[in-house]
Amino acid sequence: MSVDMNKLLKLNALDAFASKADTKIQAVEAKADDAIKGAKVVNGNQLSFYTTSDTTTTAAFTLDLAAEMVVDATKTGFVDNFEFDSDTYVGATNPNLEGKPVLVLAIKTTDKGVDATSYSFINVNKLVDTYTAGDNSINVNGYQINVKISTVANNAITLQSDGLHVDISGKQDKDADAVENNIAKFDAHGNAVDAGIAAANVLTTADIASDSDVSVTLATYFN
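Residues numbered from 1 in each chain as written. Predicted model: local features only at pLDDT ≥ 70, side-chain atom pairs only at ≥ 80, totals over all residues. Heavy atoms only, no water.

The helix and strand inventory of the protein chain stands at two helices and 13 strands. Per-residue burial over the protein chain gives 11% buried out of 223 residues. Here the contacts in the protein chain between residues at least 6 apart in sequence split such that 24% fall between residues at least 24 apart. Total accessible area on the protein chain stands at roughly 18,200 Å², and carbon and sulfur atoms take up 54% of it. (Helix = DSSP H or I, 4+ residues; strand = E, 2+ residues; numbered from the N terminus. Buried < 20%, exposed > 50% of the residue type's maximum accessible area, 1.4 Å probe, protein only. Contact = heavy atoms within 4.5 Å. Areas by Shrake-Rupley, 256 points an atom, 1.4 Å probe, with all protein chains shown as cover.)

So, in structure tokens, the structure goes:
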């Protein structure tokens, strides 16, 4: 259906339109007011949701997470040199991991309505596989790592009994007395050293007159 957009609008029609629009806007505002705008964890195992960004007000609703599913961050951690203590790990059984790197995992539990903690002890050494390589290997922190040396000609890297070695006997030495923008020359050992001549003082082909240049110059005086 087409409408003549040049027609005048009566005020009562405009009022009806504004009323309907206001009703829709209020419905949207109500939904926006009820929307969740903030959340935070309470008491370690409760997740509270708020209809305002200020999470210090009363929560719209709270989810209680099962206590046995919550890690106690204050008691969980890595122990580099483990030593079991029944007073520290109350109710736990000695895992016999003294002196080893251990990850202690503390889980919040409830026993007949009483909050408690259940401990798990993970030997970190068990998480790492140690591989022993053949003759072409190096030792890093007690672990043997296989090393493959390229067979490309003139490779300076070799495997010695105490590790990898780079042969620098053929390396050119750096000239500590070199002057910036000076040209270099070779000494008796093949090292580049400062020649004492500035690059700006070296003639190039552009500085030397060609036969044509000479002819043009002479032609100015001798026809």
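So, about the nonpolar core. Within the largest apolar cluster, nine residues are counted, these being Phe-82, Phe-84, Tyr-89, Leu-97, Val-102, Val-104, Ala-106, Tyr-119 and Phe-121. Mapped onto this core, the elements with two or more residues apiece are β6 (102-111) and β7 (114-123). Looking at this core element by element, the count peaks at three residues for β6. Excluding anything up to four places from it in sequence, Val-102 contacts Gly-77, Phe-78, Val-79, Phe-82, Leu-97, Phe-121, Ile-122 and Val-124. (Core = buried A, V, L, I, M, F, W, Y, C linked by side-chain atoms within 4.5 Å.)

A grouping of Phe-78, Leu-103, Ile-122 and Leu-127 is seen on the molecular surface, where their side chains present a nonpolar patch of about 370 Å² in accessible area. Topologically, Phe-78 is positioned in strand β5 (residues 77-79). (Patch = residues over 30% accessible without salt bridge, like charges linked within 9 Å, V, L, I, M, F, W, Y side chains within 5 Å. Salt bridge = Lys/Arg side-chain N within 4 Å of Asp/Glu carboxyl O.)

A separate point is the packing of aromatic side chains. Each aromatic ring pair is characterised by the separation of its centres together with the angle its planes make. The tally for this structure, following the rule as stated, stands at seven aromatic pairs. Between the aromatic rings of Tyr-89 and Phe-121, the centroid separation amounts to 5.2 Å while the plane-to-plane angle is 85°, which identifies the pairing as edge-to-face. Residue Tyr-89 is located in the loop between β5 and β6, and its partner Phe-121 is located in strand β7; the two are separated by 32 residues in the primary sequence. Neither residue differs from the other here; Tyr-89 and Phe-121 are each classed as buried. Ring pairing ties together the aromatic residues Phe-82, Phe-84, Tyr-89, Tyr-119 and Phe-121, which thus form one cluster. (Phe/Tyr/Trp six-rings, centres within 6.5 Å; stacked < 30°, edge-to-face > 60°.)

The subject of this paragraph is the pairing of strand β10 (residues 157-160). Pairing of β10 with strand β11 (residues 163-166), which is carried by four bridges, proceeds in the antiparallel orientation. Bridge pairing links Ile-157 to Val-166 in β11. Two successive antiparallel strands, β10 and β11, enclose a turn made up of two residues. (Pairing = 2+ DSSP bridges.)

Moving on to the side chain of Asp-194. Note that Asp-194 resides in strand β13 (residues 192-198). Look at Asp-194: it is buried, it has no salt bridge, and the nearest opposite charge is Lys-185 at 8.1 Å. In this structure the side chain of Asp-194 is engaged in a polar contact, spanning 3.0 Å, whose partner is the side chain of Asn-182. Among the polar contacts made by the side chain of Asp-194, one reaches the main-chain amide nitrogen of Gly-196 at a distance of 2.7 Å. (Lys, Arg positive; Asp, Glu negative; His and termini not counted. Polar contact = N/O pair within 3.5 Å; in protein donor to acceptor, adjacent residues only side chain to side chain.)

The next point concerns the side chain of Asn-123. Considering the arrangement of structural elements, one finds Asn-123 in strand β7. For Asn-123, a relative accessible area of 10% gives the class buried. Polar contacts involving the side chain of Asn-123 include one to the main-chain amide nitrogen of Asn-125, which spans 3.1 Å. If we ignore the near neighbours within four places in the chain, the residues touching Asn-123 are Leu-97, Lys-100 and Pro-101.

Along the polypeptide, Phe-186 turns up in strand β12 (residues 182-186). Setting aside its immediate chain neighbours within four residues, Phe-186 contacts Gln-172, Asn-191 and Ala-192.

In this section: unusual backbone geometry. Most peptide bonds are trans, and most residues other than glycine sit at a negative phi. Backbone geometry places Asn-96, a non-glycine residue, at a positive phi of 55°. With respect to the helices, strands and loops of the structure, Asn-96 is situated in the loop between β5 and β6. Backbone geometry at Asn-181 places phi at a positive 75°, although glycine is not the residue there. Mapped onto the elements, Asn-181 comes out in the loop between β11 and β12. Among the residues examined, Asn-181 registers a relative accessible area of 58% and is labelled exposed.

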